[in-house]
Amino acid sequence: NQIDECEPCEQVLFVMNTNSLERLERAVRDRAGRVDQIIDVPLPDQDARGRLIRRFAKATAPPDGDIAQVAAATEGATPATLKEVVKRAAVMAVRTAGRGADPRDLRLSVQDLLLAYEQVGRNRKEGQHRADQ
C-alpha cells in the first residue's frame, strides 16, 4: 500500500511481464488484489514473425520470399529472439562482405538468419542448463 512519494489516494499502475507465468510466485499470481488483470499475449504467428524480421532488419532485409522461409522456420520464437537473430545475422553478413564493402549493399541471407536462430537457441539451452544446476 505504500510506495515512495505516492499518497494513498493516488492511482498507480504496475505493468509486469513474463515469458513464464507458471514460474511467477503463486502469492503474486493467485492472490486477489495483487494482480488485477492478466493478459496473455501469444507468441507471434508466422505472418507476424515475418513482419518482425522485416522491421528489425530494415534496410538489410532479404527479399520477401526469403523472409517467409525464415518466418516459417522460427516457430515459437519471441519478438526478442527474432531481434537477436537479426543482430547476429547482420554481424555474419558484415563478416562475409569483408572490409571495404558498402553497408548500403548489405543484405541478410536466409542462411545467416537461420544460423543465427540456431545459435540463439543453443545459447538459451546452455544458459538454461547452467541455471538449472
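My aim in this report is to walk through the structure given alongside it, one point at a time. (Residues numbered from 1 in each chain as written. Predicted model: local features only at pLDDT ≥ 70, side-chain atom pairs only at ≥ 80, totals over all residues. Heavy atoms only, no water.)

Quick word on the overall build of the protein chain
Stage number 1. What the protein chain contains, in helices and strands, is five helices and zero strands.
Stage number 2. Reading the protein chain from its N end, one meets helices and strands in the order α-α-α-α-α.
Stage number 3. Taking all 133 residues of the protein chain together, 25% fall into the buried category.
Stage number 4. Partitioning the contacts of the protein chain with sequence separation of at least 6, the portion at a separation of at least 24 is 61%. (Helix = DSSP H or I, 4+ residues; strand = E, 2+ residues; numbered from the N terminus. Buried < 20%, exposed > 50% of the residue type's maximum accessible area, 1.4 Å probe, protein only. Contact = heavy atoms within 4.5 Å.)

A closer look at the packing of helix 2 (residues 46-57) against helix 3 (residues 64-73)
Stage number 1. Between helix 2 and helix 3, whose axes approach to 8 Å, the crossing angle comes to 125°. What the angle tells us is that helix 2 and helix 3 run oblique. In this structure, the crossing between helix 2 and helix 3 has a hand that is right-handed. Across from Gln46, Arg49, Gly50, Ile53 and Arg54 in helix 2, the residues of helix 3 making contact are Asp64, Ile67, Ala68, Val70, Ala71 and Ala72. (Axes fitted to C-alpha atoms, helices over the stretch in contact; angles between N-to-C directions. Parallel < 35°, antiparallel > 145°, perpendicular 65-115°, else oblique. Left-handed = near helix turned anticlockwise from the far one by under 90°.)

What to know about the side chain of Thr74
Stage number 1. Relative to the helices and strands, Thr74 resides in the loop between helix 3 and helix 4 (79-97).
Stage number 2. What makes Thr74 buried here is its relative accessible area of 1%.
Stage number 3. Looking at Thr74, its side chain comes within polar contact range of the main-chain oxygen of Val70, at 3.1 Å.
Stage number 4. The contact partners of Thr74, leaving out residues within four places of it in the chain, are Arg49, Leu82 and Tyr117. (Polar contact = N/O pair within 3.5 Å; in protein donor to acceptor, adjacent residues only side chain to side chain.)

Some words on the packing of helix 2 against helix 4
Stage number 1. One can describe the packing of helix 2 onto helix 4 by two numbers: an axis separation of 9 Å at closest approach and a directional angle of 45°. The angle between helix 2 and helix 4 falls in the class oblique. The handedness of the crossing between helix 2 and helix 4 comes out as right-handed. Here Arg49, Leu52, Ile53, Phe56 and Ala57 of helix 2 come into contact with helix 4, specifically with Pro79, Leu82, Lys83 and Val86.
Stage number 2. Looking at the contact of helix 2 with helix 4 residue by residue, the class counts come to seven nonpolar, no polar and two charged. (Nonpolar A, V, L, I, M, F, W, Y, C, P; charged D, E, K, R; others polar.)

Considerations on the pattern of salt bridges
Stage number 1. This model, assessed by the stated rule, comprises five salt bridges.
Stage number 2. The residue Glu75 makes a salt bridge to Arg49 at a minimum N-O spacing of 3.4 Å. With Glu75 in the loop between helix 3 and helix 4 and Arg49 in helix 2, the pair connects residues that are 26 residues apart, well separated along the chain.
Stage number 3. Residue Arg49 is classed as buried on the basis of its relative accessible area of 0%.
Stage number 4. Of the charged contacts in the structure, one is a salt bridge between Asp64 and Arg54, with a shortest N-O distance of 3.3 Å. Placement of Asp64 in helix 3 and of Arg54 in helix 2 is noted, with a sequence separation of 10 residues between them. (Salt bridge = Lys/Arg side-chain N within 4 Å of Asp/Glu carboxyl O.)

Points about helix 3
The periodicity of an α-helix, 3.6 residues per turn, causes residues three or four positions apart to be oriented the same way.
Stage number 1. Taken together, the buried positions of helix 3 are occupied by Ile67, Val70 and Ala71. Along the axis of helix 3, the buried residues cluster in a sector spanning 100°; they form a single face. (Arc of directions from axis to C-beta.)

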